[in-house]
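A structural walkthrough
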Amino acid sequence: MPLLLAAAGLCLSPSVHDGDTIRCGRERVRIANIDAPELPGSPKCQDERRSYAWCDYRAGEAARVALVAAIARGPVMISRLGTDAYGRTLATVSVQGVDLGEALVSIGLARRWR
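Let us look at the structure shown here.

Cut-offs used in this document
Residues numbered from 1 in each chain as written. Predicted model: local features only at pLDDT ≥ 70, side-chain atom pairs only at ≥ 80, totals over all residues. Heavy atoms only, no water. Helix = DSSP H or I, 4+ residues; strand = E, 2+ residues; numbered from the N terminus. Contact = heavy atoms within 4.5 Å. Disulfide = S-S within 2.5 Å. Buried < 20%, exposed > 50% of the residue type's maximum accessible area, 1.4 Å probe, protein only.

The next thing to look at is the environment of Gly74. Within the fold, Gly74 resides in the loop between helix 2 (57-71) and strand 6 (76-83). Apart from the residues within four sequence positions on either side, Gly74 is in contact with Val95 and Gln96.

In structure tokens, the structure reads:
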């Protein structure tokens, strides 16, 4: 396993893509163990993946806004767990000791990934 994937560290330039994916500079980070609703235009809501995709666009926007607000509260820490099928880093993401995936689940803007 590459050192990059084994490391936990500070995300120096976080930005939010959607309710379950952020960027740390050029690194795409998928928040592990959660699934947030899709945003408008998601191809998952237009092809055979629709049967399992969460296509509530209003909730998808709310999840994204909540994640933006959460990362604005302080330094973002990521604990890398591996990579997913799309080459994104899988990681737990936290701010001030709060697991952001768990926080999104607790307010109904994400669900646990099966």
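Next, the rest of the story.
Here the structure, examined in full by the defined rule, presents 2 disulfides. Each sulfur of the disulfide joining Cys11 and Cys24 lies 2.1 Å from the other. Note on the Cys11 and Cys24 pair: the S-S dihedral is about -120°, so by sign convention the disulfide is left-handed. Remark: Cys24 occurs in strand 3 (residues 21-24) and Cys11 occurs in strand 1 (residues 8-11); sequence separation between them is 13 residues. Using a relative accessible area of 12% as the deciding quantity, one classes Cys24 as buried. In this model Cys45 forms its disulfide with Cys55; the gap between the sulfur atoms is 2.0 Å. What sets the handedness of the Cys45 and Cys55 disulfide is the S-S torsion sign, and at about -100° it is left-handed. Here Cys55 lies in the loop between strand 5 (34-35) and helix 2 and Cys45 lies in the loop between strand 5 and helix 2, a separation of 10 residues in the sequence. For Cys45, a relative accessible area of 7% corresponds to the buried category. For Cys55, a relative accessible area of 22% puts it in the partly exposed group. Cysteine pairing for the chain (bonded cysteines numbered in sequence order): 1-2, 3-4.

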